[in-house]
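Structural features, examined
The primary structure of each chain is shown beneath.
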Amino acid sequence: MSAYSVQAQNLSKSFTQGDSTISVLKDLSVNIGYGEVVAILGPSGSGKSTLLNILGLLSESDTGSYILNGQNTAELSAVQRAQLRLHRIGFIFQAFHLIDHKSVRKNVELPLEYMGLSRAEKTRRVDAILQRLGLTHRAEASIKTLSGGEKQRVAIARAFIAEPTLLLCDEPTGSLDEELTQEVINLLREFTGQQQSTIVVTHDPVVAAQCDRVLRMHEGRLAEDYYTERAGQQVSSTVAKKVHVEEAPTDQIPLREILAAAYSMPMPYGRVENYQVAHTDTRVVQQHAVQNLPSTPWWRVSLSEAWDATVHRVRRNLFTMLGVILGIASLVLTVGLTATISGQLAESFDVFRARHLVMTDTRKEAPTRSQLLELSRSEGYERVHQLNGVTGVALLNQLSEGSDIQNGPDNFGERSVNVTASVLGATPNVFEVEGHTLTYGRGFDEGHVERGDKVVVVSESVAKKLGIPREEGINVYIQGDMFRVIGIVQENPSIALSYGAVYIPLGVKPSTMDGNSSGAKHTQIVITTQAGAANQVAEEAPYALSPEKPSRYTVGVPPEPKTLREAVDTQQRTMLIAMSVITLIIGAMGIMNTFLVAVIERRREVGLRLALGMRPAGILVQIAAETLLTSIMGTIFGIVVAINGISIVSLMNHWTPIISTETIASGFIAGAVVGLLAGIYPALRAARIDPATTLAAG
Ligand code: ADP
Ligand code: MG
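First things first, this report covers the structure right here in the doc. (Residues numbered from 1 in each chain as written. Chains lettered and ligands numbered in written order. Predicted model: local features only at pLDDT ≥ 70, side-chain atom pairs only at ≥ 80, totals over all residues. Heavy atoms only, no water.)

Counting secondary structure elements, the protein chain contains 26 helices and 22 strands. Taking all 698 residues of the protein chain together, 53% fall into the buried category. Considering only residue pairs separated by 6 or more positions, the protein chain has 79% of its internal contacts joining residues 24 or more positions apart. Summing over all exposed atoms, the protein chain offers an accessible surface of approximately 31,400 Å²; the carbon and sulfur share of this is 55%. (Helix = DSSP H or I, 4+ residues; strand = E, 2+ residues; numbered from the N terminus. Buried < 20%, exposed > 50% of the residue type's maximum accessible area, 1.4 Å probe, protein only. Contact = heavy atoms within 4.5 Å. Areas by Shrake-Rupley, 256 points an atom, 1.4 Å probe, with all protein chains shown as cover.)

Taken together, Phe-15, Gln-17, Val-24, Pro-43, Ser-44, Gly-45, Ser-46, Gly-47, Lys-48, Ser-49, Thr-50 and Thr-693 make up the full set of residues adjacent to ligand 1. Contact distances for ligand 1 include 2.7 Å between an oxygen atom and a backbone N or O atom of Gly-45. Separating an oxygen atom of ligand 1 from a side-chain N or O atom of Thr-50 is a distance of 2.5 Å. Considered on its own, ligand 1 offers 550 Å² of accessible surface; in the complex 70% of this is hidden by protein. The biggest single contributor to the shell around ligand 1 is helix H1 (residues 48-55), with three residues. Looking at the shell around ligand 1 residue by residue, the classes come out as three nonpolar, eight polar and one charged. (Near = heavy atom within 4 Å. Polar contact = N/O pair within 3.5 Å; in protein donor to acceptor, adjacent residues only side chain to side chain. Nonpolar A, V, L, I, M, F, W, Y, C, P; charged D, E, K, R; others polar.)

Here we come to the environment of Gln-80. Looking at the secondary structure, you find Gln-80 in helix H2 (residues 78-88). Sequence separation of Gln-80 and Leu-293 is 213 residues, and the distance between their C-alpha atoms is 9.3 Å. Apart from residues no more than four positions distant in its own chain, Gln-80 is found in contact with Glu-75, Val-290 and Gln-291.

Quick look at the pattern of salt bridges now. Any two side chains of opposite charge can pair, so long as their charged atoms come close to each other. This structure, assessed with the given rule, holds 28 salt bridges. One salt bridge connects Glu-121 with Arg-124, and the closest N-O pair in it is separated by 3.1 Å. One end of the pair is Glu-121 and the other is Arg-124, both in helix H4 (residues 119-132) and three residues apart, which spans about a single turn. A residue is classified by how much of its surface remains accessible, and Glu-121, at 26% relative accessible area, is partly exposed. The closest approach of N and O atoms between Glu-605 and Arg-602, which form a salt bridge, is 3.1 Å. A relative accessible area of 14% means that Glu-605 is categorised as buried. Through salt bridges with shared partners, one network takes in Lys-102, Glu-305, Asp-308, Arg-602, Glu-605, Arg-609 and Glu-626. (Salt bridge = Lys/Arg side-chain N within 4 Å of Asp/Glu carboxyl O.)

The subject of this paragraph is the nonpolar core. One finds Val-108 and Ile-199 to be the most contacted residues of the largest nonpolar core, which totals 90 residues. Take this core: its biggest share by element is seven residues, from helix H5 (residues 148-161). Setting aside its immediate chain neighbours within four residues, Ile-199 contacts Ile-32, Val-38, Ile-40, Leu-52, Leu-55, Leu-166, Leu-167, Leu-168 and Cys-169. Counting 23 residues, the second-largest nonpolar core is a separate cluster that includes Leu-357, Val-384, Ala-544 and Leu-545. (Core = buried A, V, L, I, M, F, W, Y, C linked by side-chain atoms within 4.5 Å.)

Examined against the element boundaries, Thr-529 turns out to sit in strand E21 (residues 522-529). Residue classification places Thr-529 among the buried residues on the basis of a relative accessible area of 0%. Reaching out from Thr-529, the side chain makes a polar contact with the backbone nitrogen of Ala-534 at a distance of 3.5 Å. Ignoring anything within four residues of it in the chain, the contact list for Thr-529 reads Ala-354, Arg-355, Leu-357, Gly-389, Val-390, Thr-391, Ala-534 and Val-537.

This part covers the packing of helix H3 (residues 104-115) against H5. Helix-helix packing is described using two parameters, namely the angle between the two axes and the distance between the axes. Following both chains from N to C, one finds H3 and H5 inclined at 25°, their axes separated by 8 Å at the closest point. As summarised for this structure, H3 and H5 are arranged roughly parallel, according to the angle between their axes. The two elements H3 and H5 meet at a crossing, and its hand is right-handed. Contact with H3, carried on its side by Val-104, Asn-107, Val-108, Pro-111 and Leu-112, involves Val-154, Ala-157, Arg-158 and Ile-161 of H5 and no other residues of that element. (Axes fitted to C-alpha atoms, helices over the stretch in contact; angles between N-to-C directions. Parallel < 35°, antiparallel > 145°, perpendicular 65-115°, else oblique. Left-handed = near helix turned anticlockwise from the far one by under 90°.)

Within strand E3 (residues 37-41), five of the five residues are buried, which leaves the element mostly enclosed by the surrounding structure. Alternating positions in E3 separate into two faces, Val-37, Ala-39 and Leu-41 on one and Val-38 and Ile-40 on the other, with burial throughout. Bridge count between E3 and strand E8 (residues 197-201): four bridges; the pairing is parallel. Of the residues in E8, the one forming a bridge with Ile-40 is Val-201. Direction of pairing for E3 relative to strand E9 (residues 213-218): parallel, over a ladder of four bridges. (Pairing = 2+ DSSP bridges.)

Below, the discussion takes up the packing of helix H23 (residues 603-612) against helix H24 (residues 616-653). One can describe the packing of H23 onto H24 by two numbers: an axis separation of 9 Å at closest approach and a directional angle of 140°. The pairing of H23 with H24 is recorded here as oblique in orientation. H23 and H24 meet at a crossing whose hand is right-handed. Residues Glu-605, Val-606, Arg-609 and Leu-610 of H23 form the contact with H24, whose participating residues are Pro-616, Ile-619 and Gln-622. Across the contact of H23 with H24, the residue classes break down as four nonpolar, one polar and two charged.

Moving on: the sheet that holds strand E4 (residues 63-68). Sheet strands pair via backbone hydrogen bonds, and the direction of the pair is either parallel or antiparallel. The sheet built from four strands is open, its strands ordered E2-E1-E4-E5 with antiparallel pairing. Both outer strands of the open sheet, strand E2 (20-33) and strand E5 (71-72), are each paired with one neighbouring strand and no more. Against the sheet, H1 engages strand E1 (4-17), E2 and E4, with an angle of about 125° to E1.

Most of the time, phi is negative for any residue but glycine, and the peptide bond is trans. One non-glycine residue, Asn-10, lies in positive phi territory at about 50°. Mapped onto the elements of the fold, Asn-10 is located in strand E1. Residue classification places Asn-10 among the partly exposed residues on the basis of a relative accessible area of 33%. Phi at His-97 is positive, roughly 55°, even though this residue is not glycine. With respect to the helices, strands and loops of the structure, His-97 is situated in the loop between strand E6 (89-93) and H3. Judged by relative accessible area, His-97 falls into the buried class, the value being 7%.

Next comes the structure, spelled out in structure tokens:
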């Protein structure tokens, strides 16, 4: 067994602050043997923490050499240094540096997590150490509920869980009372076996007295270095022998007296002169060599830690997310509404027209009454009904384009008024099919058609001109023949042809009309279809109606429906999208800012993770992943808001909402891009954090 775990020679370190350079360590050399518990005393600012950070591979000395477990650390890469921190070095700090959102168990488990051990192995080891420290009952407790002593015990458990060879404690009892201090020192002694070395920076002479060896630092140098009485019990004799008593320099604090008084223990002055001892046991070097350490699944751990942190910070991150929520919501809303609007027909006029077909009989001679009735009951007519997409079929027979309509002097009106209107014979369902609305009375029925009743339904405009009252028993004269008014209808304005018409049962005609025909000029079959089916139906209908002679009918194909796409100005759309992009950018800056603040706020946590052995790249991945996850969560909220928005706007406008995969995908892509962009800078900042400066007690 090599005698020394730590062999440091001629270490010096200086810091530049502005113009001045402070030399913090000055040519300091020290060897520390396995099994030793070493106290470092010294006034504040004498370089204790700086030394500890160099020994813990958290920072590098400017000059000198440092051999850890027989391995020259100068040859190590940053990743290898992280590996050694994870497997070989444990840290305990005055400020505990526990991760608040994790339970006791999860805090202790973290180094094992970084090592990538199996769940069973992690649980086994954590259970064992918690039991040893009397923390079993607090295993699932939140860190916030722990007392100071419990927190330090958790930190000790975490430092020991990886079974390090070098334990570095920076004022571990600085914020504990006497009793807890004793407990901590007992634990440190208990855990320091023959394979380990422990270094305790302390101001407490009582603590120092219970260590094997005391180093006193003064202005970056070792002012004193001697073994205490305890050394005899703990330290191998080869090391202990190298102590020889000498007079203390007069300008130094008489530590011996303080220690002796505090612990009523004889304290020999001792100076250790063992720097030249550098014999190395090859077996130990092999055993501890960084090359033999298992590789860590660092990026996987980083991702799971990112998930953990994000989930535990959802509420805290809600405001951060708000920017993304608003940005994504407005972007998706714009894209979605544009799609929705584009899909809508410009006006109800077009809506109706697009679903409305008219088949006209091309024959010159007008059909007789019986021919008309036959047609309306024919198989062909029924087949048109059956066509896919057909919602209604009516037969319409224009008797005249301008017949004389007169109110009767016998039943209403002071004087007779003449109106010219087109007269339409029709099947009873004409009002429904053409979309007219009865405002008074009723339409005619099959009975009226059957019997050839002289009843009429007049349009509002005709009724108004004639002054027809809304009461029963009113007659009008159509070309001099008397018809009973049974209803008044508000015509569908989309059907120009029928504007201001009067409707009588199919096959009926005023007796004054010429000829034995029905008097029909145009026989038309009016078809309404489902949206989008009109063109298909237009092709099929003549064949359905008259398979032998489909050419007898011409079909008026509805005009290509105008959509609202044209109504929404391209410029307006561009404006809307530009505005959402701006909102998104603001959202991204918000996220970036919050994460920058969070990184500064969490620099101790980041420092701790680095100290525990996470490599800087792992920190980068974790912070970037946290930002991305936060952004994605905001994106999901934003998309939900947008979908609701699109639905509400559509509902109010009687539109069919169109929420396509593309719309949603555009939101997710934007959210991911925002998250990644916003995350890069904070993640880089986090990865560059210097753990040495963030973990110091003050
Ligand atoms: P101690 O732990 O003994 O109190 P430190 O090792 O923490 O002392 O610090 C020694 C000196 O080095 C102090 O004056 C401190 O201000 C300075 N120092 C430590 N770290 C840095 C740093 N990263 N940058 C600049 N100065 C530093
Ligand atoms: Mg310090």
